[in-house]
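What the coordinates show
One letter stands for each residue in the lines below.
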Amino acid sequence: QAQLVESGGGLVQAGGSLRLSCTASGRTFSKNAMGWFRQAPGKEREFVASISWSGVFTNYADSVKGRFTISRDNAKNTVLLQMTSLRPEDTAIYYCAATRPSLSGSYRPTNSIEYTTWGQGTQVTVSS
């Protein structure tokens, strides 16, 4: 059974940095686009960042552009989200997700409907 597991969440002060990891097990995700989503208290889940299986193409939510960087290492079946200049409004549970396999090396959707496999989430808390 394929599974995604997030790690790296925690408590950080505003302006600080944190790196989230998402590791896939059960099978390779080397041909799947990957994404990060988050859900803050009292809010709906929102898109954060995505990356194509080639690792060349990325998408970012406007709220995190210039601060967050998504990357992947297909050999390790791992996706990373490097977060810098963190703000209290970044506080949320962060979820890693994968699409179905795709032939397109540029496919990296922002719509959560396109993602079929999800991790359990990791809590990120940014204090002021």
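The paragraphs below set out a description of the structure included in this document. Everything numeric in this text was worked out from a predicted model, so none of it was measured.

Basis of the calculations
Residues numbered from 1 in each chain as written. Predicted model: local features only at pLDDT ≥ 70, side-chain atom pairs only at ≥ 80, totals over all residues. Heavy atoms only, no water. Helix = DSSP H or I, 4+ residues; strand = E, 2+ residues; numbered from the N terminus. Rg over C-alpha atoms; globule rule 2.2 N^0.38 Å. Buried < 20%, exposed > 50% of the residue type's maximum accessible area, 1.4 Å probe, protein only. Areas by Shrake-Rupley, 256 points an atom, 1.4 Å probe, with all protein chains shown as cover. Lys, Arg positive; Asp, Glu negative; His and termini not counted. Charge placed at Lys NZ, Arg CZ, Asp CG, Glu CD. Disulfide = S-S within 2.5 Å.

What follows is about the overall build of the protein. A tally of helices and strands in the protein yields zero helices and eleven strands. Its helices and strands in sequence order give the protein the pattern β-β-β-β-β-β-β-β-β-β-β, from N to C terminus. Rg of the C-alpha trace for the protein: 14 Å, near the compact-globule value of 14 Å for 128 residues, within the 12% margin. Across its three principal axes, the protein shows a C-alpha extent of roughly 45 × 25 × 25 Å. When burial is assessed residue by residue, the protein has 43% of its 128 residues classed as buried. Carbon and sulfur atoms provide 48% of the accessible area of the protein, an area that totals close to 6,500 Å². Of the side chains in the protein, 13 bear a positive and 8 a negative charge, and the two mean positions are spaced by 7 Å.

This next bit is on the state of the cysteines. The full count for this structure, using the stated rule, is one disulfide. The residue that forms a disulfide with C22 is C96, at a sulfur-sulfur distance of 2.0 Å. Taking the sign of the S-S torsion, -75° for the link of C22 and C96, the bridge is left-handed. Placement of C22 in strand 3 (residues 18–25) and of C96 in strand 9 (residues 92–101) is noted, with a sequence separation of 74 residues between them. Under the relative-accessibility criterion, C96 is labelled buried at 0%.

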